[in-house]
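# Breakdown of the fold
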Amino acid sequence: MSVLPLVFTSGWASGINAYAVVLLFGIFGATGLTDEVPASLQRTDVLIIAGVLFLCEAVADKIPYVDSIWDTVHTVLRPVAGAVVAALLAGESGSLPELAAAAIGGSTALMSHLVKAGTRMAVNTSPEPFSNIAVSMAEDLGVAGIITFALFHPLAAALIAGTLLLLGIVVLAFLATKIRRFLQRRAQRRQEKRPAGAEASRAPW
């Protein structure tokens, strides 16, 4: 139970940026700032891979539409990462607490990922690219701040993460109409382009 707040917070953060979570945990553990991080997250190869993937996400996450494609690819990866990190934090390989932690971390990561992906779809309806950059930077800073805070104040951090998750769900519900209209307009444009392409491909008689 003592590790549950940290598990929940790491799951929420993993749904937004799983690579940042792994990288931050690994750095904090390797530098001796905390004893809560398992040794497997402090390995040099894990840190290098997480760092490279974090840089890739930092770029892709700030480009309109590319960010939504990136989110789609990570619909499975982020929840899996959240479950793995949670299980490692719980320790005791194969134990019931570890399995419970993995379930909590994975499900929380999935919920926060869906909120992130849906919000990004709404942001992509904006004609300018600056909103994507601003939202992405806010997400990165939020993940860094909440993970750092969670290592020293896990219960308070979990309350903040839970509040942000609930607020995100409420905001996404309000944005659902905007997202739906955007998808309908995009589908309509595709249908309008198909006949034109078909006509152009016909050979003259």
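Located above this text is the structure these notes cover.
Residues numbered from 1 in each chain as written. Predicted model: local features only at pLDDT ≥ 70, side-chain atom pairs only at ≥ 80, totals over all residues. Heavy atoms only, no water.

## Regarding the overall build of the protein
- If you tally the helices and strands in the protein, you get six helices and zero strands.
- Out of the 205 residues in the protein, the part that is buried amounts to 41%.
- Considering only contacts within the protein whose residues lie at least 6 apart along the sequence, 72% involve residues at least 24 apart. (Helix = DSSP H or I, 4+ residues; strand = E, 2+ residues; numbered from the N terminus. Buried < 20%, exposed > 50% of the residue type's maximum accessible area, 1.4 Å probe, protein only. Contact = heavy atoms within 4.5 Å.)

## Some remarks on the packing of helix α1 (residues 4-30) against helix α3 (residues 66-90)
- The geometry of α1 relative to α3 is characterised by a closest axis approach of 8 Å and an angle of 110° between their N-to-C directions. By the angle class used here, α1 and α3 are roughly perpendicular. Note on element contacts: α3 touches α1 through W70, H74, L77, R78, A81, G82, V85, A86 and L89, opposite L6, V7, S10, S14, G15, I16, A18, Y19, V21, V22 and F25.
- For the contact of α1 with α3, a count of residues per class yields 14 nonpolar, five polar and one charged. (Axes fitted to C-alpha atoms, helices over the stretch in contact; angles between N-to-C directions. Parallel < 35°, antiparallel > 145°, perpendicular 65-115°, else oblique. Nonpolar A, V, L, I, M, F, W, Y, C, P; charged D, E, K, R; others polar.)

## Considerations on the pattern of salt bridges
- Counted under the stated rule, the structure contains nine salt bridges.
- The salt bridge involving R78 is made with E57; its shortest N-O contact spans 3.1 Å. Remark: E57 occurs in helix α2 (residues 44-60) and R78 occurs in helix α3; sequence separation between them is 21 residues. We note that R78, like E57, is buried.
- Between R120 and E139 there is a salt bridge, with its nearest N and O atoms 3.0 Å apart. Here R120 is found in helix α4 (residues 96-123), whereas its partner E139 is found in helix α5 (residues 130-152), with 19 residues between them in sequence.
- E139 sits in the buried class, given a relative accessible area of 14%. (Salt bridge = Lys/Arg side-chain N within 4 Å of Asp/Glu carboxyl O.)

## Describing the side chain of D61
- Mapped onto the fold, D61 is located in the loop between α2 and α3.
- The class for D61 is buried, based on a relative accessible area of 2%.
- Here D61 is in contact with D67, D71, K116, R120, N132, S136 and E139, once residues within four sequence places are set aside.

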